[in-house]
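Residues per chain, in single letters:
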Amino acid sequence: MGCQYLDQNYELFLLGALSVEEDASIREHVERSCPYCLEQLREAALTVYFLTWAGRPERPDPKQKSTLLRRLRKSRV
Amino acid sequence: MREDTAQELLARVARHNEEALGVLYDRFVPSLLALLRRILAERQEVEEVLQEVFLRLCNQASHLSREGIGASAWLALVARSEAVDRLRGRKGLAPQARGSHRTLRDNSAWLPRGEEIAMLEQRSELLKKVIKQLPSHQRQALDLAVFDGYTEAEIAQRLGQPLGKVRSELRAAMSFLRHRLRAVMGTWVANI
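Here the residue numbers are simple positions, counted from 1 along each chain's written sequence. Chain A is the first chain written and ligand 1 is the first ligand written, with later ones labelled in order. Totals for whole chains, interfaces and linings use every residue, but because this is a predicted model, local features are given only for residues with pLDDT of at least 70 and side-chain atom pairs only at 80 or more, for both listing and counting. Note that water and hydrogens are dropped before the side-chain values are worked out from all heavy atoms of the structure.

Novice: Describe the side chain of Gln 40 of chain A, and please don't skip the residues or the numbers.
Specialist: Residues and elements named next belong to chain A. Secondary structure counts use DSSP, requiring at least four H or I residues in a row for a helix and at least two E residues in a row for a strand, with both numbered from the N terminus. Structurally, Gln 40 can be placed in helix 3 (residues 35-51). Here the term buried applies to any residue with accessible area under 20% of the maximum for its type, exposed to any over 50%, and partly exposed to those in between, with areas from a 1.4 Å probe on protein chains only. By relative accessible area, Gln 40 is classed as buried at 16%. Should any heavy atoms of two residues lie within 4.5 Å, those residues are counted as being in contact. For Gln 40, the contacting residues outside a window of four places in its chain are Asp 7 and Tyr 10.

So this is what it looks like as structure tokens:
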């Protein structure tokens, strides 16, 4: 069976919004590296990525960056 | 002096370069914070997710760099997924099917490449206008999926609408966005 019947579902798959059955259908195609589905998923990922552009960027807390670097150094010891 | 690209920075992070990680952090955290704050109300939770996502990036940097994966898209998708997991857990909602969650973890063959992301980001102002062109009811359903992590069935219940209607609205919205994305990008990015 061709994969075109999945065409409307890729973005919603990436968002985790599908039913269990529809989700499993796409996941099965991805797990067997279906070229059509992988390509459609990449296209869908671009759409989902720009949907995540939410509101105005916020200034980070500088302490958080230091904490991250500290945790990283610790994990590499 | 030219700024390092995200891909160049990622390659250096893969070689344990802390300075490169710091630059990636400074570059992407402001927009990640906006995304995470939209999903999670508490600052502490937001910062926990941010820490976890960046630690994961460090662990996977070699692989992501080798595959040419776009760091900003990976960060946004993973951060959103983690935040939604926490949000759903806090609301007492059952875990979603989470195919994408597992797929993100297990398989990166479908993730957009750095050059595709760079092209998308160059057109960001235009793309933000595209989202505003969506009818308000479609936008509402989409926001519930993107920022609240609801499934279609949950969105239908929340809006008091038939599931079939919600499914149609979401698919119509995605179809519109996909086609506008292609138009804005000029040529379909798969041809890059």
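Novice: Help me get a handle on the confidence of the model for chain B, residues and values and all.
Specialist: Residue and element names in this part refer to chain B. Residue-level pLDDT values for chain B average 88, and 90% of them are 70 or greater. One number per residue, pLDDT, summarises how confident the predictor is, and it ranges from 0 to 100. Element-level pLDDT for chain B is lowest in helix 5 (residues 99-106), with a mean of 63, against a maximum mean of 96 in helix 9 (residues 152-159). In this model residues 188-192 is a low-confidence stretch, pLDDT under 50, and it forms 11 contacts with partners more than four residues away in sequence or in other chains. Here the prediction assigns the complex a pTM of 0.91, and the interface score ipTM is 0.90.

Novice: Describe the interface of chain A and chain B, and please don't skip the residues or the numbers.
Specialist: At the junction of the two partners, chain A supplies 47 residues and chain B supplies 67 residues. Each partner contributes to the roughly 5,400 Å² buried at the junction of chain A and chain B, and carbon and sulfur atoms together form 63% of this total. A side-chain nitrogen of Lys or Arg and a carboxyl oxygen of Asp or Glu constitute a salt bridge if their distance falls within 4 Å. Across the contact surface, chain A and chain B share 10 salt bridges. Among the salt bridges present, the one from Glu 52 of chain B reaches Arg 71 of chain A, with a minimum N-O distance of 2.9 Å. Using a 1.4 Å probe, buried area is obtained as the accessible area two parts lose upon being combined, added over both of them.

Novice: I'd love a proper account of helix 2 (residues 20-31) of chain A, names of residues and values included.
Specialist: Residues and elements named next belong to chain A. One less than the residue count of a helix, multiplied by 1.5 Å, gives the span that helix is expected to have. The end-to-end C-alpha distance of helix 2, which contains 12 residues, comes to 16 Å, matching closely the 16 Å that a straight helix rising 1.5 Å per residue would cover. Restricting attention to buried positions, one finds in helix 2 the residues Glu 22, Asp 23, Ile 26, Arg 27, His 29 and Val 30. Viewed along the axis of helix 2, the buried residues span an arc of 160°, placing them on a single side of the element. Seen from the buried face of helix 2, the exposed residues on the opposite side, beyond 90 degrees, are Val 20, Glu 21 and Glu 31. Directions pointing from the helix axis toward each C-beta atom define the arc.

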